[in-house]
Amino acid sequence: APLSGRWPASLKILVVPGSIRGGSRNVRLAATVAAAFAEAGAEATRVSLADFPLPIYDADLEAGSGVPEPAVDLARMIGVHHGVVLVSPEYNSAPPPLLKNAIDWLTRVRGRDEAPGEVLRGRPFALASASNGRFGGARSLMMLRLILAGCRITVIPDQLALSFADDGYDDMDRLRLESDNDMLRAMVARLIDVAGQMRHHD
Ligand code: FNR
């Protein structure tokens, strides 16, 4: 195409489910979120934290053998994307340890000439959750937002908490409720917007 190279490459969004359970409601929602980004013209990549196995954070372990390779790999994966979506379950009104532990390790990854955790601050994050309960994991998203603020990560205000997730989809695997779709579309549009702004500050 004559104009190729003159347009910026499409925005790349990384979608990270906070569950590795077979049949995970959050893995399912992550697929829906990724499809929505693709529809909006962004390139969505989905990963599984099962492919980045990490021990529970232990400062002695870090002092002895450094940050585990899977954390460095995950940081690299984040580094080649312009935005990140965390799609995570709620355990006892809070984010699950799988996700919190990954975040803690990521804040210890240091790129060349970078402060620790810098890769997390160079791009915006969006949050979603799915649960079969009536709040859809919304309480955990409040806490996750606070955790990420503590890491000085930019988190967009729009989020999606999918209540009664098992009844949440139509035959085409799209979100059944228009109110859920509205939240999804708002989140996608805002993340694309903020990611587009932040990519120019690299
Ligand atoms: C839960 N679950 C749950 N759900 C919820 O809406 N609010 C909650 O506080 C909790 N607490 C909770 C604690 C623990 C220890 C477990 C194991 C589960 C239910 C949970 O959100 C539900 O099983 C999700 O479907 C789990 O996510 P995945 O694996 O389906 O993505």
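In case you missed it, the structure is sitting above this.
Residues numbered from 1 in each chain as written. Predicted model: local features only at pLDDT ≥ 70, side-chain atom pairs only at ≥ 80, totals over all residues. Heavy atoms only, no water.

> Where do I start with the pattern of salt bridges in this structure?
A side chain with one charge can pair with a side chain of the opposite charge if their charged atoms come near. Taken as a whole and judged by the stated rule, the model has 11 salt bridges. For Arg25, the salt bridge goes to Asp166, with nearest N and O atoms at 2.7 Å. Residue Arg25 is located in helix α1 (residues 25-39), and its partner Asp166 is located in the loop between β5 (155-162) and α7 (178-198); the two are separated by 141 residues in the primary sequence. Through salt bridges with shared partners, a single ionic network connects Glu178, Asp182 and Arg185. (Salt bridge = Lys/Arg side-chain N within 4 Å of Asp/Glu carboxyl O. Helix = DSSP H or I, 4+ residues; strand = E, 2+ residues; numbered from the N terminus.)

> What is the right way to read the site of the ligand from this model?
Contacts to the ligand come from Ser19, Arg21, Ser24, Arg25, Asn26, Pro89, Glu90, Tyr91, Asn92, Ser93, Ser131 and Arg139. Within the contact set of the ligand, a nitrogen atom lies 2.7 Å away from a backbone nitrogen or oxygen of Asn92. For the ligand, whose unbound accessible area comes to 630 Å², protein coverage reaches 69%. Looking at the shell around the ligand residue by residue, the class counts come to two nonpolar, six polar and four charged. (Near = heavy atom within 4 Å. Polar contact = N/O pair within 3.5 Å; in protein donor to acceptor, adjacent residues only side chain to side chain. Areas by Shrake-Rupley, 256 points an atom, 1.4 Å probe, with all protein chains shown as cover. Nonpolar A, V, L, I, M, F, W, Y, C, P; charged D, E, K, R; others polar.)

> Got a minute to help me understand the pairing of strand β3 (residues 83-87) in this structure?
One face of the sheet, then the other: side chains in a regular strand alternate in exactly this way. Buried residues dominate β3, accounting for five of its five residues. Across the two faces of β3 the burial is the same, with Gly83, Val85 and Val87 and Val84 and Leu86 all buried. Pairing geometry for strand β1 (residues 12-17) and β3, over five bridges, is parallel. When the bridges of β3 are listed, Pro17 appears paired with Val87. Both β3 and strand β4 (residues 125-130) contribute to a ladder of four bridges, which runs parallel. Of the residues in β4, the one forming a bridge with Val87 is Ala128. (Buried < 20%, exposed > 50% of the residue type's maximum accessible area, 1.4 Å probe, protein only. Pairing = 2+ DSSP bridges.)

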